[in-house]
Amino acid sequence: MKNVSLPLVFLILILAGCAKKAPEPIPVQIPTRPVNYLHEIKPILDKRCAVCHSCYNSPCQLKLNSYEGVDRGGSKKAVYNSTRLTTMDPTRLFIDAHSTEEWRKKDFHTVTESTAADGLNNSLMLQILSHKMKNPESKGEYHSEAEDLTCPATSIELDGYLSKHPNRGMPFGFPPLKQEEFELIAGWLAQGARGPTAAEQEKLTTPMAADAREISKWETFFNNQDPKYAMTARYLYEHLFLAHIKFGTDTNEFYELLRSKTPPGSPVDLIDTVRPYDDPEVETFYYRFRKIHSTIVHKTHMVFDFNDAKLSRFKELFVEPKWLQKPHLVGYDPTDSANPFVSFEQIPPRSRYQFLLDNCHYIIMTFIRGPVCRGQVALNVIHDHFWVMFQDPDHDLSVLNPAFLKLQKDNLIMPIEKGSRFPVRDLIGNKYDKAINNYYKARQEYYMSHNYQGQGYDAIWKGNSAADAPLLTIYRHFDSASVHKGVLGNLPRTMWVMDYPQLERIYYALVAGFDVYGTLGHQLAVRLYMDGLREEGESYFLGFMPAEKRRPMMESWYKGVKPKNVTYYDAGIPGKISYKTDKPQQEFIEKVVKHHILPETGISFDQVNYMPQGVEFPPLPDQYETMADYLQAFRSVSKPGTEFFSLVNDFNANIVYIRIRKNDGTDAVVSMIINRWHDNVAFLFNEKAALNPDKDNADFIAGFHGSYPNYFIDIQQDDLPDFFDLLSNLSTIDDDEADQRFDKYGISRSNKDFWKYYDWFQERFNTDQPVHSGLFDLNRYYYLAR
């Protein structure tokens, strides 16, 4: 055998660490030539490992989308811990430690180093990959984000785990690596698991020339010491610290904006505060840009463009207007910094609000994709599908009369001012609940006293150009969510209208001020505060409805909640709009979209799923000959009560990517998004009690939507009639027949060709959206291996 390290072969033949008996031999050829991490190993880890190991929710905190994460290894400490009563020391990669030794002091264990006395490699990575090679079948259920997940730190622990769970090698619940992939990784591990060379690392982390020029220009802007520029920079930084910044160049590189102890032109010395508004604790600091060299994953990929037009816009919004006070620097008092209405009160609210409106898609995305939005308890505060609009600045009284915000600053406080240690005992009747209710009533009364004729269509922001997103669609996918520009899906039960104070508080409470390492009390306080913010958005929408219909509509969104406990107060604001139908909600949105937003932005209704007034869901077509026939079929099966969606009501089946192999040789991609009906979203626990599967429905939307696919479907165009029939008539089909028909199209995690299908979807996503794509996350792929 050429190119074979015989001792290593023998090691692999007894793998599973301290295996009690030798398994059947597997022919293995380990390369003895140098194996390059960047060109040979990283592509394998990205495609087969980082798809689950890449973020806060990475099992065992093992992040494999960069060498630094591989070298850091794993930890037994869970970031997401629903019972944590004390704060956890942050463990942010690239921030909270910068060497292997520092991570070991934080209780991270190696997954690549060997502990064998004879010099052979028996690393955890090799053992668990090899175990899968010898036990390739996936059986039963796989929950990679379970709170009781086992995280072995030694070979003995891993052997005990695999002895109990012989089908849980890696990749977890998916097919094993190809033989040649495994051999490459085994060879790399045997050679010491070396990372990029110094020259490769330099290239990875150094901006290209075009980006470097942009960085110099932007760092000059951000570090201007004039108080007006300095406070502008602070406001922008606090809103952009999660952004993946792309400069207006031809490169497809991304950068993060951070605070550094060192000035531009020198290496970054990161200031590692938990929150962007925390005291930097140095007399002088600088805003700097750092290149992101980890593989991009979609669930955290929030792109923000920095170009000449954006720089001009920032100056137009913040530098050119006269401020409410003489521009001056503001300190970092913990309480004041947690309240943007105090820390930035000198900046005109119009400037702040217009910045948020210009970038509302990004701002809402930070809540949707940020650390707060992981898990069912964090997300059950919103409905599965709703639309969001925004108060026009010329009709937002907090913008027109900034004194109102100053008067209300004590009611605009948020639980984040207590930091990460909110005691659980303080949740009952806490002052933040009282403050948000006081503000809500004061706001409604203020509008009544200043706008007694009510609000018309012109009070909805219509945007100024095609780049604007004055109407957003939000989908909740049980324990993840997604936000999209435009009006996707059919008419939702609820809609929001957001004004400046609400949008700013959502951002600070759920993004800037949220600490994923905080206590249970901190996380619950933020979750409960969001209840009030949701109710505000719903209430402000109802302000456009006929006065007599508002409370009944609000109560219909909170079925099961006693009317006296439904928060709604309109202060007697009259209805200004005269409606012609008995469906004012639909009449309103159709007028807003067609006559208000469409001319400015090009945003129009979803042509597949939206059913205009007077149009009923059609039956399945009698024949499938034209695209109109297929469109009719999609509309037919999207209606509430379609049997497949009411019967297949598992929490882990919410978003499905469908590949349609068209007869002309091309492919189409459709996202099937299942919307679960909730009688109300006022619950914190026992969500099942509020569900009604008979009212579930689905939206079929072209392209990719969401970051966590629950299933893949691969189907020929000629098989669509059978597929639609299966969705519509599931209850009339024998279980075995239904399983057989569905398995013809659906790709189970146990399918031996799973990775071929996954690669196609990922590559198509990268092609369709080269700037905004990233790795899909497979942690929430349907858990049952069929």
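Cut-off values and rules
Residues numbered from 1 in each chain as written. Predicted model: local features only at pLDDT ≥ 70, side-chain atom pairs only at ≥ 80, totals over all residues. Heavy atoms only, no water. Helix = DSSP H or I, 4+ residues; strand = E, 2+ residues; numbered from the N terminus. Rg over C-alpha atoms; globule rule 2.2 N^0.38 Å. Buried < 20%, exposed > 50% of the residue type's maximum accessible area, 1.4 Å probe, protein only. Contact = heavy atoms within 4.5 Å. Areas by Shrake-Rupley, 256 points an atom, 1.4 Å probe, with all protein chains shown as cover. Lys, Arg positive; Asp, Glu negative; His and termini not counted. Charge placed at Lys NZ, Arg CZ, Asp CG, Glu CD. Disulfide = S-S within 2.5 Å. Polar contact = N/O pair within 3.5 Å; in protein donor to acceptor, adjacent residues only side chain to side chain. Pairing = 2+ DSSP bridges. Axes fitted to C-alpha atoms, helices over the stretch in contact; angles between N-to-C directions. Phe/Tyr/Trp six-rings, centres within 6.5 Å; stacked < 30°, edge-to-face > 60°. Lys NZ or Arg CZ within 6 Å of the ring centre and 35° of its normal. Core = buried A, V, L, I, M, F, W, Y, C linked by side-chain atoms within 4.5 Å. 1 Å grid on protein atoms, 1.4 Å probe; cavity = no way out; pocket = protein on both sides within 12 Å on 5 of 7 lines; lining within 4 Å. Points joined across faces, edges and corners; volume = space filled by probe spheres on them. Nonpolar A, V, L, I, M, F, W, Y, C, P; charged D, E, K, R; others polar. Arc of directions from axis to C-beta.

A. Structural context of the overall build of the chain. A tally of regular secondary structure across the chain gives 28 helices and 15 strands. Against the 2.2 N^0.38 benchmark of 28 Å for 786 residues, the chain shows a C-alpha radius of gyration of 27 Å, consistent with a compact globule. For the chain, the spread of C-alpha atoms along the three principal axes comes to 90 × 75 × 50 Å. Here the chain, with 786 residues, has 59% of them falling under the buried criterion. When contacts within the chain are restricted to residue pairs at least 6 apart in sequence, those whose partners lie at least 24 apart make up 76%. When the accessible surface of the chain is totalled, it reaches about 31,900 Å², and 52% of it is carbon and sulfur. If you average the places of the 88 positive and of the 102 negative side-chain charges in the chain, the two averages end up 3 Å apart.

B. Here's a closer look at the state of the cysteines. What the rule picks out here adds up to one disulfide. Between C49, a cysteine without a disulfide, and C52, which holds the nearest cysteine sulfur, the sulfur-to-sulfur distance is 8.9 Å.

C. Fine view of the side chain of S398. Checked against the element boundaries, S398 lands in helix α17 (residues 397–400). A distance of 2.6 Å separates a polar atom in the side chain of S398 from a polar atom in the side chain of D396. Look past the residues within four positions of S398 in its chain and what remains in contact with it is P349, F404, L405, Y500 and P501.

D. Summary view of the pairing of strand β3 (residues 255–260). Taking burial as the measure, the six residues of β3 include five buried ones, the bulk of the element. Where β3 and strand β4 (residues 286–291) come together, six bridges link them in antiparallel fashion. Opposite S260, over in β4, you have Y286 as the bridge partner.

E. Seen up close, the sheet that holds strand β11 (residues 667–675). Taken together, five strands build an open sheet; the order of strands is β12-β11-β10-β13-β14 and the sheet is mixed. Two strands close off the open sheet at either side, each with one partner strand: β12 (697–702) and β14 (746–747). As defined by bridge partners, β11 adjoins β12 across six bridges and the pair is classed as antiparallel. Looking across to β12, one finds that M672 is bridged to F700. Those strands touched by helix α26 (residues 720–728) are β10 (655–661), β12 and β13 (711–716), and its axis lies near 135° from that of β13.

F. Quick look at the packing of aromatic side chains. Per the counting criterion, the structure on display carries 75 aromatic pairs. With 5.5 Å between their ring centres and 85° between their planes, Y507 and Y508 make a pair best called edge-to-face. Comparing Y507 with Y508, the two get one shared label, buried. Between the NZ or CZ atom of R72 and the centre of the ring of W103, over which it lies, the distance is 4.7 Å. One residue, R749, lies across the ring of F174, its end atom 4.2 Å from the ring centre.

G. Quick peek at the environment of G641. Secondary-structure assignment places G641 in the loop between α24 (627–637) and α25 (643–647). Separated by 136 residues in sequence, G641 and R505 have C-alpha atoms that sit 37 Å apart. Discounting residues that sit within four places of it in the chain, G641 has contacts with S646, D694 and D696.

H. Just the nonpolar core, in detail. Of all hydrophobic cores here, the largest spans 130 residues; its most connected members are F222, F289, F306, F355, M389, F390 and F588. Contacts of F289, omitting those with residues within four sequence positions, involve I215, W218, E219, F222, I245, F247, Y255, E256, L257, V268 and F306.

I. Examining the pairing of strand β7 (residues 472–476) more closely. With respect to burial, β7 is a largely interior element, five of its five residues being buried. Burial along β7 is two-sided: L472, I474 and R476 facing one way and T473 and Y475 facing the other are all buried. Examined bridge by bridge, strand β6 (residues 385–390) and β7 share four bridges and lie antiparallel to one another. Residue pairing for β7: H385 is matched across the bridge by Y475.

J. Examining empty space enclosed by the protein more closely. Summed over the entire model, instances satisfying the criterion amount to six cavities of 30 Å³ or more. For the largest cavity, the calculated volume is near 500 Å³. Lining the largest cavity are 28 residues; nearest its centre among them are H53, C60, L62, I128 and M170. Listing elements by their share of the lining of the largest cavity, those giving two or more residues are α2 (37–48), α5 (124–134) and α6 (155–164). Looking at the lining of the largest cavity, the element that brings in the most residues is α5, giving four residues. When grouped by side-chain class, the residues that make up the lining of the largest cavity number 22 nonpolar, five polar and one charged. The wall of the second largest cavity is formed by R443, Q444, Y447, Q455, S539, Y540, G543, R550, Y568, D570 and I573. When contributions to the lining of the second largest cavity are tallied by element, the ones reaching two or more residues are α19 (431–450) and α21 (520–542).

K. Quick peek at helix α20 (residues 500–512). Of all the 13 residues making up α20, 13 are buried; the element is thus mostly covered by neighbouring parts of the structure. By the N-cap criterion, in which a side-chain oxygen at the helix start approaches the backbone nitrogen of a residue two or three places on, α20 is capped by D499, the distance to Q502 being 3.1 Å.

L. Structural view of the environment of S155. By the secondary structure assignment, S155 is in helix α6. For the pair S155 and A116, spaced 39 residues apart in sequence, the C-alpha to C-alpha distance is 9.8 Å. Apart from the residues lying within four places of it in its own chain, the contact partners of S155 are T115, N122, L124 and Q127.

M. Summary view of α6. Taken residue by residue, α6 has S155, L158, D159, Y161 and L162 as its buried positions. For α6, the arc enclosing every buried residue in end-on projection is 165°, short of the 170-degree limit, so these residues lie on one face. Residues of α6 that are exposed and point over 90 degrees away from its buried face: I156 and K164. Check the buried side of α6 and you find it contacts α5.

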